[in-house]
Amino acid sequence: MEKQTLRLPTVDISKAKTHRSEVAQTVVDGLENTGFLFIENVQGLNYDQLYKCCQWFFGLPMETKKTLLRNIWNSKSSNVYRGYFPVSENEPSRKEGFEFGRDVDPNDQTIAPGNWFYEKSVWPNEDGTFLFKKILLETYDYMHETALEILQLAAIGLVDEHAFEPIFSTRPMSTFRLIHYPPWGQTPPANAVIEDGKVVTTPDHTDSNFLTLLTTFNYKGLEILAPDGRWVELEPRPNTLVMNIGDVFSRMMGGRFKATRHRVIDIGIDRYSVPFFLEPSFDGDIGINFLSKYGSEGPDHVVEKYGPWVMNTMKNVKKFFEYRHLPEF
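Just so we're clear, the structure is a prediction, and the values are computed from it rather than from any experiment.

Colleague: Break down the packing of aromatic side chains for me, with residues and values.
Modeller: Evaluation of the coordinates by the stated rule reveals 32 aromatic pairs. Judged by centre distance (5.9 Å) and plane angle (50°), the ring pair of Phe 117 and Phe 282 falls under tilted. Here Phe 117, found in the loop between β5 (96–100) and α4 (132–155), pairs with Phe 282, found in the loop between β13 (271–278) and α7 (306–317); they are 165 residues apart in sequence, far enough to count as distant. Each member of the pair, Phe 117 together with Phe 282, is buried. Where Phe 210 meets Phe 249, the ring centres are 4.5 Å apart and the plane angle is 15°; that geometry is what we call stacked. Pair noted here: Phe 210 is in the loop between β7 (200–205) and β8 (211–215) and Phe 249 is in helix α6 (residues 247–252), with a separation of 39 residues, a long-range link. Taking the relative accessible area as the measure of exposure, Phe 210 reaches 0% and is therefore buried.

Written out as structure tokens, the structure reads:
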């Protein structure tokens, strides 16, 4: 069967200031229709260095990576949310990953004791030959600023351009993740096999967060549920981010913007990707009917905090294997 491919709208983010209304319209059109866009010309983003970070980290000895495991996989570890997670042989998701966030002041009295969303990120030791932590922290900042710029563009013509900024201005919970997808080999489990004999390394899902910026390094394997109901392969583009929004942004906009289902297919070789998940602060108001605050139509806005909502979604609704055992606090 011939593969179906999908062409996405392309946003040249370098023109966000000089051709603002034009770029904003491309963003809005993409989010109202496919739910996915290409983002190109992100200033400062070095894709080659980011790929080297993946190779460097996942090439570390397992004994080294084990020191970064979360508590659910290593009882000696104190971290429960950030760090390394291993491949789980009993899951249709076949991947290992490393996650970190932006550290906050440990003396911040506004953060509830035990709130592991704000635990300190853990890092592997370095010998100075490759600046893994420095590169990733710098890239985090590029991603964060790019994501906020896209939110401003998406807001133009709908709400105040800066309407979303307050929930990201203090202690955002955003997660940066390196992922390695090893191929399944000859005997994938039955729960990973889908239609036409394809095998997934990540089953179909929507993201739970606000907005995702994904680096695919020109690997194939990402499939998107197209507006006509077909699963189509996304043709990768070098030096370009893939952007999509998550459930929380979609529901705040009354479903006007689409959180599109997507999945990753086993391509028979080791595959790497790096998603940046933009997330508000724990106390950020992501309540439904957000648009009602800026117009006279529709039901009243209902305040809801992001932290409790996303914890329940990850643990109890979607039950992602890497998060379903997180403790309550």
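Colleague: Which residues make up the sheet that holds β5, and what are the values?
Modeller: Spatially, β2-β3-β11-β8-β13-β6-β5-β4 is the arrangement adopted by the eight strands of the open sheet, whose pairing is mixed. A strand with exactly one partner marks an edge of an open sheet, and here the two such strands are β2 (10–12) and β4 (83–85). Strand-to-strand twist across the sheet, computed as the mean angle between neighbouring axes with direction ignored, equals 25°. Against the sheet, helix α2 (residues 47–58) engages β3 (36–40), β4, β5, β6 (175–181), β8, β11 (240–245) and β13, with an angle of about 65° to β6.

Colleague: A description of the pairing of strand β12 (residues 262–265) should follow, citing residues and the corresponding values.
Modeller: Residue alternation in β12 divides its side chains into two sets, His 262 and Val 264 and Arg 263 and Ile 265, and both sets are buried. In this sheet, β12 lies alongside β7 in antiparallel orientation, the contact comprising three bridges. Looking across to β12, one finds that His 205 is bridged to His 262. Here three bridges tie strand β9 (residues 222–225) to β12, and the two strands are oriented antiparallel to one another. Each bridged residue has a counterpart across the sheet, and for Glu 223 the counterpart in β12 is Arg 263.

Colleague: Go over the side chain of Glu 223, please, and point to the residues and values.
Modeller: As for its placement among the helices and strands, Glu 223 is situated in strand β9. Within the structure, Glu 223 has its side chain in polar contact with the side chain of Arg 263 (distance 2.8 Å). Contacts of Glu 223, omitting those with residues within four sequence positions, involve Lys 198, Trp 231, Val 232, Glu 233, Arg 261, His 262, Arg 263 and Ile 265.

Colleague: Let's hear about the UniProt feature "domain: Fe2OG dioxygenase" (unreviewed entry) in the chain: which residues, and what values?
Modeller: The UniProt record marks residues 171–280 with the feature "domain: Fe2OG dioxygenase" (unreviewed entry), using the residue numbering of this structure. Span residues 171–280 is 5% helix and 40% strand, its end C-alpha atoms 8 Å apart.

Colleague: Break down the packing of helix α1 (residues 20–32) against α4 for me, citing the residues and quoting the values.
Modeller: Interhelical geometry of α1 versus α4 gives an angle of 90° and a closest axis separation of 8 Å. If you check the angle between α1 and α4, you find them roughly perpendicular. Of the residues in α4, those touching α1 at Arg 20, Val 23, Ala 24, Val 27, Val 28 and Leu 31 are Glu 149, Ile 150, Gln 152, Leu 153 and Ala 154. Of the residues assigned to the contact of α1 with α4, the class counts are eight nonpolar, one polar and two charged.

Rules used in this analysis
Residues numbered from 1 in each chain as written. Predicted model: local features only at pLDDT ≥ 70, side-chain atom pairs only at ≥ 80, totals over all residues. Heavy atoms only, no water. Phe/Tyr/Trp six-rings, centres within 6.5 Å; stacked < 30°, edge-to-face > 60°. Helix = DSSP H or I, 4+ residues; strand = E, 2+ residues; numbered from the N terminus. Buried < 20%, exposed > 50% of the residue type's maximum accessible area, 1.4 Å probe, protein only. Pairing = 2+ DSSP bridges. Axes fitted to C-alpha atoms, helices over the stretch in contact; angles between N-to-C directions. Contact = heavy atoms within 4.5 Å. Polar contact = N/O pair within 3.5 Å; in protein donor to acceptor, adjacent residues only side chain to side chain. UniProt positions renumbered as here; feature names shortened; annotations may be inferred. Parallel < 35°, antiparallel > 145°, perpendicular 65-115°, else oblique. Nonpolar A, V, L, I, M, F, W, Y, C, P; charged D, E, K, R; others polar.

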